[in-house]
Amino acid sequence: LAEEKAKAKVELANVKQKLKEDLERAETERVKARTVQEARWIEDQNLLIQRRLEKRLAKEKAKANAEISQAKRKLKEEQERIETDRVKASSDEKTRWIEEQNLLVQERLEKRLSEEKAKVNAEILQVRQEMKKEHEQLKAEKLQAEDTLAKKRLQLRLNELKDEQDNQANSAGTESSSTRDDAIFANDFLPPQKSSKFAHNDTNSDIAADLLPSDNQPTTSEHALMSADPKDNVSDALAADVEALELISICQADFDTQSPIQNAYSTSQKGSDEQICLLPTEYPFVSLLRDSSPYIVNHRHSTIVYHIPGDLISNAARFNSVMDDIALTWLFGMKIVISVGCRKQILQRLERLHGKAGDFGSASKLGVRVTTPETLRILEEEAGFCRFEVERLLNRCLRNKGADCNVVSGCFITAKKFGIVDGVDYQHTGYPTTLQTDRIHRFHSRNDVVLLTPLGFTKDGDALNIHSEALAAFTAGALGASKIVYFSSNPMILRGSADDNSNQRIQMIQRSNALQILSHYGLTVQSETGFPQWGKNINPDDDLDDDQQAMLLKMGWATNALDRGVERAHIIDCEDGALLEELFTARRGYGTCISQDDYEAPHPEDCNDDLSVTDGVVAGHMER
């Protein structure tokens, strides 16, 4: 038992020792596993922290890059602003220099004009003095002729009296006494004459001095002016000239054909004895007024829209005559709206600044300009100048005719941008969308004239360049105008075939004929925007010159106005009186008239030509 007990104790000790070793080994493995787990967790945490750091670093890097990009953009904008300020300063300096040069040139022109004016006034004064001398000479010659005629008639009368007295006389003494008394009586009846000083400069002064009395007595008319009693004046004049007065017929056979008075009157009413009439029975004013009366009545209280191009304003003589004719149409009772353009002035400004006006490809062939901010500024300045010139001259013409009205201008148009058309960005160029017709009608009710410039404004208040021809067509359609008139400095006319006669001028056509002509040349005008376009694969320079292209463009805008309801469109020359001839005469106009297909003319002779159109090709040509 003791041995078993000792053995058991030994085994128990061994077991304890083994258990202890297992426990130590398990603890070691547990510690080792925990260490491995902690190491793995630490690695995971390191990876997570590293990912977070990388993500944060990427964000910081992106933020830094954005800040750098923004800084670069700000720096670039600052550089562009500095460059723009530099260019603007240079442009302002050039503009200031140009203005100074313009002022200097204007001063020189004014000085030269004043010198020319003084010279012209001196010439006019000299001409007046010469005319006065000639008038005095003619008056002296007339007095001499009247005196000679009176002397001849009195001498004939004296001879008759002498014959009667000879028959009744009984002696020679009585006959001589009677003759002497008759001679004294005849001299008393001679009309008093002026002094011969009125004819001292004439080539026939010696003859005049022999015919006129030498005394410086006043004439009968001067006696009448110096007399205080008007009754005495009339009595003296009749008493002195009663023997020289004659009652003659208006038409007489023995009238002096060399008389300057006869040359001023008509000689058409001649009888068998070639009588010459003194009444102006064929003065053209009478027939012209009678022929124009239907047009005057038809145009009264109607609305008409005039388009004034910029090149007309540059021609002073034509501009004055056109404004005077427009003022006359106002006196005839027409309600006037004027659309003024300034294309030529803008081109001249751009040429002075850059040496050329700019080339915009197909846009330059359509008359529609690409309007940059610089061009818009120039447009605003030149539009103001053209508006002032039209207002100034039209007001003067109206005042000279006794008219009591004003020329009113303002912001009547709302517009939109064209945007990009056929690959061309027109920037600040647009087309009209709405018109304040109520305001214009109110101005017309006060007999005022409304003036529009090629500037419109968007709903946001941005300024846009509007084509003046398209603006005129839009305005005429919105107001329900009866006529629209396009003035042209280089007009073209249509010449082609008709039923009765070939190769004749075609003055009046219908809307359908105009559309066929435009289709033949490949030109279309958009109905809404008024934007003109040539057909695809069509180069107008191949067959048409610049004036012919301008004529077709005006025909396009004229048909656009007719599509909007206008009755008639006229394309006329800027010559003196061309507007009056076009509006108030039949078959005497200077330009081309396009009317609605169902338009009824106010005059029998005022009808459309029968334009021959075959297979879509117009049998006609445009010429100057």
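Refer to the structure presented above.
Everything quoted here is computed from the prediction, not taken from an experiment. (Residues numbered from 1 in each chain as written. Predicted model: local features only at pLDDT ≥ 70, side-chain atom pairs only at ≥ 80, totals over all residues. Heavy atoms only, no water.)

Engineer: Go over the overall build of the chain, please, and point to the residues and values.
Structural biologist: The secondary structure content of the chain amounts to 16 helices and 23 strands. A burial count over the chain gives 34% of its 624 residues as buried. Look at the contacts in the chain between residues 6 or more apart in sequence, and 71% of them connect residues 24 or more apart. Here the chain has roughly 38,900 Å² of accessible surface; of this, 51% comes from carbon and sulfur atoms. (Helix = DSSP H or I, 4+ residues; strand = E, 2+ residues; numbered from the N terminus. Buried < 20%, exposed > 50% of the residue type's maximum accessible area, 1.4 Å probe, protein only. Contact = heavy atoms within 4.5 Å. Areas by Shrake-Rupley, 256 points an atom, 1.4 Å probe, with all protein chains shown as cover.)

Engineer: Explain the side chain of His467 residue by residue, including any values.
Structural biologist: Among the structural elements, His467 can be located in the loop between strand 12 (463-466) and helix 13 (468-479). By relative accessible area, His467 is classed as buried at 11%. Among the polar contacts made by the side chain of His467, one reaches the side chain of Arg343 at a distance of 2.7 Å. (Polar contact = N/O pair within 3.5 Å; in protein donor to acceptor, adjacent residues only side chain to side chain.)

Engineer: I'd like a description of the packing of aromatic side chains, backed by residues and values.
Structural biologist: Enumeration according to the criterion identifies 7 aromatic pairs in this entry. A ring pair is formed by Phe418 and Tyr426, whose centres lie 6.2 Å apart and whose planes are at 65 degrees; its orientation type is edge-to-face. On the basis of relative accessibility, which here comes to 16%, the residue Phe418 falls in the buried class. Connected via pairs of aromatic rings, a cluster forms that spans Phe418, Tyr426, Tyr431 and Phe531. (Phe/Tyr/Trp six-rings, centres within 6.5 Å; stacked < 30°, edge-to-face > 60°.)

Engineer: Report on the sheet that holds strand 20 (residues 592-595), specifying residues and quantitative values.
Structural biologist: One open sheet accounts for 8 strands, arranged 5-10-4-3-13-19-20-16; its pairing is mixed. Taken across any chain shown, the strands that pair with only one partner, and hence form the sheet edges, are strand 5 (407-409) and strand 16 (508-510). Across the sheet, the mean angle separating the axes of adjacent strands is 20 degrees when strand polarity is ignored. In this structure, strand 3 (residues 303-308) lies alongside strand 4 (residues 335-340), joined through 6 bridges in parallel fashion. Across the sheet, the residue bridging to Thr303 is Lys335, located in strand 4. Contacts between helix 9 (residues 316-331) and the sheet are confined to strand 3, strand 4, strand 10 (449-452), strand 13 (483-488) and strand 19 (568-573), with strand 3 contributing the most and set at about 175 degrees to the helix. (Pairing = 2+ DSSP bridges. Axes fitted to C-alpha atoms, helices over the stretch in contact; angles between N-to-C directions.)

Engineer: Can you explain the nonpolar core? Please cite residues and give values.
Structural biologist: Judged by nonpolar contacts, the single largest core of 46 residues is most densely connected at Ile484, Tyr486, Ile509, Leu552 and Met555. Looking at which element gives the most residues to this core, the answer is helix 15 (residues 546-563), with 8 residues. The next biggest cluster of nonpolar side chains, apart from the first, holds 45 residues, and it includes Met323, Ala383, Leu394 and Leu583. (Core = buried A, V, L, I, M, F, W, Y, C linked by side-chain atoms within 4.5 Å.)

Engineer: Summarise the pattern of salt bridges; cite the residues concerned and give the values.
Structural biologist: Tallied over the entire structure, the rule returns 19 salt bridges. We note a salt bridge from Arg25 to Asp22, for which the minimum N-O separation is 2.4 Å. Highlighted residues: Arg25 and Asp22, both in helix 1 (residues 2-168), separated by 3 residues, approximately one helical turn. With a shortest N-O distance of 3.9 Å, Arg318 and Asp573 are connected by a salt bridge. Taken together, the residues span a long stretch of sequence, with Arg318 in helix 9 and Asp573 in strand 19 at a distance of 255 residues. Each of the salt bridges in this network shares a partner with another, and the network as a whole consists of Arg349, Arg377, Glu381 and Glu382. (Salt bridge = Lys/Arg side-chain N within 4 Å of Asp/Glu carboxyl O.)

Engineer: Account for the environment of Tyr306, naming residues and giving values.
Structural biologist: Within the fold, Tyr306 resides in strand 3. Judged by its relative accessible area of 0%, Tyr306 falls in the buried class. Measuring from C-alpha to C-alpha, the distance between Tyr306 and His570 comes to 9.6 Å, with 264 residues separating the pair along the chain. Beyond its immediate chain neighbours, meaning those up to four positions away, Tyr306 contacts Ile326, Thr329, Ile336, Val337, Ile338, Ser339, Val485, Phe487, Leu579 and Leu583. Reaching out from Tyr306, the side chain makes a polar contact with the side chain of Thr329 at a distance of 3.1 Å.

Engineer: Which residues make up unusual backbone geometry, and what values go with them?
Structural biologist: One non-glycine residue with positive phi stands out, namely Gln427, at about 55 degrees. Phi at Asn447 takes a positive value of approximately 65 degrees, unusual for a residue other than glycine. Along the polypeptide, Asn447 turns up in the loop between helix 12 (437-445) and strand 10.

Engineer: Help me get a handle on the pairing of strand 19, residues and values and all.
Structural biologist: The element strand 19 is extensively covered by neighbouring structure, given that 6 of its 6 residues are classed as buried. Pairing between strand 13 and strand 19: 6 bridges, direction parallel. If you follow Lys483 over to strand 19, its bridge partner there is Arg568. Alignment of strand 19 against strand 20, held across 4 bridges, turns out to be antiparallel. Residue pairing for strand 20: Arg568 is matched across the bridge by Ser595.

Engineer: Just give me the short version of the packing of helix 13 against helix 15, but keep the residues and values in it.
Structural biologist: Contact geometry of helix 13 with helix 15 gives a least axis separation of 8 Å together with a crossing angle of 20 degrees. Comparing the axis directions of helix 13 and helix 15 gives the class roughly parallel. Judged by the twist between their axes, the crossing of helix 13 over helix 15 is right-handed. Contacts from Glu469, Ala470 and Ala473 in helix 13 reach Lys554, Trp557, Asn560 and Ala561 in helix 15. For the contact of helix 13 with helix 15, the class distribution of residues is 4 nonpolar, 1 polar and 2 charged. (Parallel < 35°, antiparallel > 145°, perpendicular 65-115°, else oblique. Left-handed = near helix turned anticlockwise from the far one by under 90°. Nonpolar A, V, L, I, M, F, W, Y, C, P; charged D, E, K, R; others polar.)

Engineer: If you had to explain the pairing of strand 13 to someone new, which residues and values would you point to?
Structural biologist: In terms of burial, strand 13 is largely enclosed, as 6 of its 6 residues are buried. Residue alternation in strand 13 divides its side chains into two sets, Lys483, Val485 and Phe487 and Ile484, Tyr486 and Ser488, and both sets are buried. Note that strand 3 and strand 13 share 4 bridges and pair parallel. Paired with His307 across the strands is Tyr486, a residue of strand 13.

Engineer: With reference to specific residues and values, describe helix 13.
Structural biologist: Its 12 residues place the ends of helix 13 16 Å apart at the C-alpha level, agreeing with the 16 Å of an ideal helix rising 1.5 Å per residue. Taken across its 12 residues, helix 13 has 11 buried, putting it largely inside the fold. In the segment just after helix 13, Gly480 is the residue with positive phi, at about 65 degrees. (Expected span 1.5 Å × (residues − 1).)

Engineer: I'd like a rundown of the packing of helix 10 (residues 343-354) against helix 11 (residues 373-400), residues and numbers included.
Structural biologist: Each pair of packed helices can be summarised by the angle the axes make with each other and by the distance between the axes. Close contact between helix 10 and helix 11 brings their axes to 9 Å; oriented N to C, the two are set at 130 degrees. Between helix 10 and helix 11, the crossing angle belongs to the class labelled oblique. Helix 10 and helix 11 meet at a crossing whose hand is right-handed. Contacts between helix 10 and helix 11 involve Gln345, Ile346, Arg349, Leu350, Leu353 and His354 on the former and, on the latter, Glu374, Thr375, Ile378, Leu379, Glu381, Glu382 and Cys386. For the contact of helix 10 with helix 11, a count of residues per class yields 6 nonpolar, 3 polar and 4 charged.

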